[in-house]
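An overview of the molecular structure
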Amino acid sequence: MPSNVVRLRTMERADVDALTDLLRRVWYAEGDPGTQSVVARADLEFCMARATAAVVVECDGRPAGVCLARIDGGDTRPLPINRHHIMACRSMLRLLRSTEGRQSASELVKLGVEGVMLSAEARRRGWTYQAEVILLILDPSLQGTGIGARMLDHMEREFRAADVRRYFLYTNTDCNVGFYDRRGLNRRIAHVAHAHDRSVAYYLYDASVRR
């Protein structure tokens with residue numbers, strides 16, 4: 001992918017298809033492309049349903065990365081169920097039509113359950129946060145260029161403006177966890193899950209917002 005023109009901007013609804021395809025290529029590349037596109041769309045819509053801040057990396061006019069975050073008290077939508085919840089549920093229903101789709105839907109639900117478990121453990125340990133980085137993904141051709149750090153820097157500025165003191169995020173060994181280690185985030189909780197002849201470690205990282 002050419003990378004001579006790269007900029008950060010606010011996410012737009014028109015970005016969803018390109019970002020869905022990015023998620024499919026990076027996180028859901030195995031299996032039927034049509035089915036995995038639906039999985040990626042469900043995942044992205046669930047993330048957007050919770051997000052109150054979003055920044056996109058645009059490379060040569062096309063979305064090539066996104067960072068979504070939630071700031072406590074920042075959701076001004078009038079109802080707890082929004083259009084993103086509805087779109088995500090529609091995608092999940094589509095997945096129930098095939099064996100591969102049902103397996104993928106189950107794995108997506110498991111991902112959400114792992115997050116709930118990690119959050120519950122954090123609360124038991126007395127840790128409190130005012131924000132969460134929900135999703136951070138970047139086209140592989142741009143990794144190692146510092147653009148991922150720019151996205152996180154941008155989101156930390158939004159946290160700072162909202163008087164957020166500490167934030168957290170979930171990740172697992174299917175992702176680039178080394179990025180967060182190099183960034184200096186704290187790996188607070190780890191949980192290893194075993195399924196389908198493989199093991200995946202899920203992590204909760206946190207950090208203080210730099211003033």
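Scroll up for the structure.
These figures come from a predicted structure and were not determined experimentally.

Regarding unusual backbone geometry
Phi at Asp60 is positive, roughly 50 degrees, even though this residue is not glycine. Topologically, Asp60 is positioned in the loop between β2 (53-59) and β3 (62-71). For Asp60, a relative accessible area of 34% gives the class partly exposed. Although it is not a glycine, Asp163 adopts a positive phi angle of roughly 65 degrees. By the element assignment, Asp163 lies in the loop between α5 (147-161) and β5 (166-172).

What about the packing of helix α1 (residues 16-27) against helix α2 (residues 33-50)?
Remark: α1 packs on α2, axes separated minimally by 8 Å, with the N-to-C direction vectors making an angle of 115 degrees. As α1 packs across α2, the resulting crossing turns out to be right-handed. Contacts from Val16, Asp17, Leu19, Thr20, Leu23, Arg24 and Trp27 of α1 reach α2 at Pro33, Gln36, Ser37, Ala40, Arg41, Asp43, Leu44, Glu45 and Met48. Broken down by class, the residue content of the contact of α1 with α2 amounts to eight nonpolar, three polar and five charged.

Things to note about the pattern of salt bridges
By the definition in use, this model includes 23 salt bridges. Notably, a salt bridge pairs Asp21 with Arg24, separated by 3.2 Å at the nearest N-O pair. Of this pair, Asp21 and Arg24 both sit in helix α1, separated by three residues, roughly a single helical turn. Residue Arg210 is joined to Glu156 by a salt bridge in which the shortest nitrogen-to-oxygen separation is 2.9 Å. Of this pair, Arg210 sits in the segment after β7 (198-208) while Glu156 sits in helix α5, and the two are 54 residues apart along the sequence. Classification of Arg210 by relative accessible area gives partly exposed; the value is 47%. What emerges from the salt-bridge pattern is a single network uniting Arg7, Arg9, Asp15 and Glu58.

What to know about the packing of aromatic side chains
Under the defined criterion, the tally for this structure stands at six aromatic pairs. Ring centres of Tyr129 and Phe168 lie 5.1 Å apart, and the angle between their planes is 40 degrees; this geometry places the pair in the tilted category. A residue pair is termed long-range when its members are at least 10 positions apart, and Tyr129 in the loop between α4 (99-124) and β4 (131-138) and Phe168 in strand β5 qualify at 39 residues. Pairing Phe159 with Tyr167 gives two aromatic rings, centres 5.1 Å apart and planes at 45 degrees, and the pair type is tilted. There is no split in this pair, since Phe159 and Tyr167 are both buried.

Calculation criteria
Residues numbered from 1 in each chain as written. Predicted model: local features only at pLDDT ≥ 70, side-chain atom pairs only at ≥ 80, totals over all residues. Heavy atoms only, no water. Helix = DSSP H or I, 4+ residues; strand = E, 2+ residues; numbered from the N terminus. Buried < 20%, exposed > 50% of the residue type's maximum accessible area, 1.4 Å probe, protein only. Axes fitted to C-alpha atoms, helices over the stretch in contact; angles between N-to-C directions. Left-handed = near helix turned anticlockwise from the far one by under 90°. Contact = heavy atoms within 4.5 Å. Nonpolar A, V, L, I, M, F, W, Y, C, P; charged D, E, K, R; others polar. Salt bridge = Lys/Arg side-chain N within 4 Å of Asp/Glu carboxyl O. Phe/Tyr/Trp six-rings, centres within 6.5 Å; stacked < 30°, edge-to-face > 60°.

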